[in-house]
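The lines below spell out each chain.
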Amino acid sequence: MNLDDVQDEWEDAYFEILDTLYEEATPGLDYSSLDPGDAVRDDPPTYLRHYLHEDKQEELIEDILDDYDIPEDLYFEAKKAVFLSAGPSTSLENVDRAREEADLEPVSEILEGDTE
């Protein structure tokens, strides 16, 4: 069994996953409001402007996969699809570097401001 076998459920789950991950990312984003293609045309690309820890992403992905009754033996494949496609970066260092090059505030500084 693979994700193609649950295509309709997976497609709905995938977009909900992206919406949720970006909502929880730093800085947050309403991913569903982006025009198609903007996520990769922007400089830096959307995924490099937003950070969310890998453990948190996995937890959120699994919760949504549960909601859509995606079989657990497909979780790895589903997570890989999200991590390698459009999900927010799990590397704070890469996001900070990309944001600094674009004259945007580094996420590490945004996170520091949240704890003060």
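Residues numbered from 1 in each chain as written. Predicted model: local features only at pLDDT ≥ 70, side-chain atom pairs only at ≥ 80, totals over all residues. Heavy atoms only, no water.

> Any chance you could explain helix 5 (residues 92-101) here in plain terms?
Residue pairs three or four apart in sequence face the same way in an α-helix, which turns once every 3.6 residues. Here helix 5 has its buried residues at V95, D96, A98 and R99. The buried residues of helix 5 all sit within an arc of 170° when viewed along its axis, so they share a single face. Residues of helix 5 that are exposed and point over 90 degrees away from its buried face: E93 and E101. Just downstream of helix 5 lies D103, where phi reads positive at about 60°. (Buried < 20%, exposed > 50% of the residue type's maximum accessible area, 1.4 Å probe, protein only. Helix = DSSP H or I, 4+ residues; strand = E, 2+ residues; numbered from the N terminus. Arc of directions from axis to C-beta.)

> So what exactly am I meant to see when it comes to the environment of P27 here?
Residue placement: P27 occurs in the loop between helix 1 (7-24) and helix 2 (38-41). Taking the C-alpha atoms as reference points, P27 and E100, 73 residues apart in sequence, are found 14 Å from one another. If sequence neighbours within four positions are ignored, P27 has contacts with Y22, R49, H50, R99, V107 and I110. (Contact = heavy atoms within 4.5 Å.)

> Before we go on, may I ask you to explain the side chain of D96 in this structure?
Structurally, D96 can be placed in helix 5. Of the side chains with opposite charge, R99 lies nearest to the buried D96, which makes no salt bridge, at 5.9 Å. Contacts of D96, omitting those with residues within four sequence positions, involve P106, V107 and S108. (Lys, Arg positive; Asp, Glu negative; His and termini not counted. Salt bridge = Lys/Arg side-chain N within 4 Å of Asp/Glu carboxyl O.)

> Sorry if this is basic, but what is going on with the environment of S33 here?
Within the element layout of this structure, S33 appears in the loop between helix 1 and helix 2. The spatial distance from the C-alpha of S33 to the C-alpha of L104 is 21 Å, given a sequence separation of 71 residues. Polar contacts involving the side chain of S33 include one to the main-chain carbonyl oxygen of D30, which spans 2.6 Å. (Polar contact = N/O pair within 3.5 Å; in protein donor to acceptor, adjacent residues only side chain to side chain.)

> In this structure, what is going on with the environment of A25? I would like to understand it.
Of note, A25 is situated in the loop between helix 1 and helix 2. Overall, A25 belongs to the buried group, its relative accessible area being 6%.

> I'm lost on the side chain of S89 in this one. Help?
Structurally, S89 is set in the loop between helix 4 (75-83) and helix 5. Classification of S89 by relative accessible area gives buried; the value is 9%. Apart from the residues lying within four places of it in its own chain, the contact partners of S89 are Y47, H50, Y51, L52, Q57 and V95.

> I tried to follow a negative patch on the surface on my own but got confused; where do I start?
A cluster of acidic residues, D8, E9, E11, D12, D63, D66, D67, D69, E72 and D73, forms a negative patch on the protein surface. Mapped by element, the contributors of at least two residues to the negative patch are helix 1 and helix 3 (54-67). It is helix 1 that provides the largest number of residues to the negative patch, a total of four residues. With respect to the helices and strands, E9 occurs in helix 1. A relative accessible area of 36% means that E9 is categorised as partly exposed. (Patch = residues over 30% accessible without salt bridge, like charges linked within 9 Å, V, L, I, M, F, W, Y side chains within 5 Å. Areas by Shrake-Rupley, 256 points an atom, 1.4 Å probe, with all protein chains shown as cover. Charge placed at Lys NZ, Arg CZ, Asp CG, Glu CD.)

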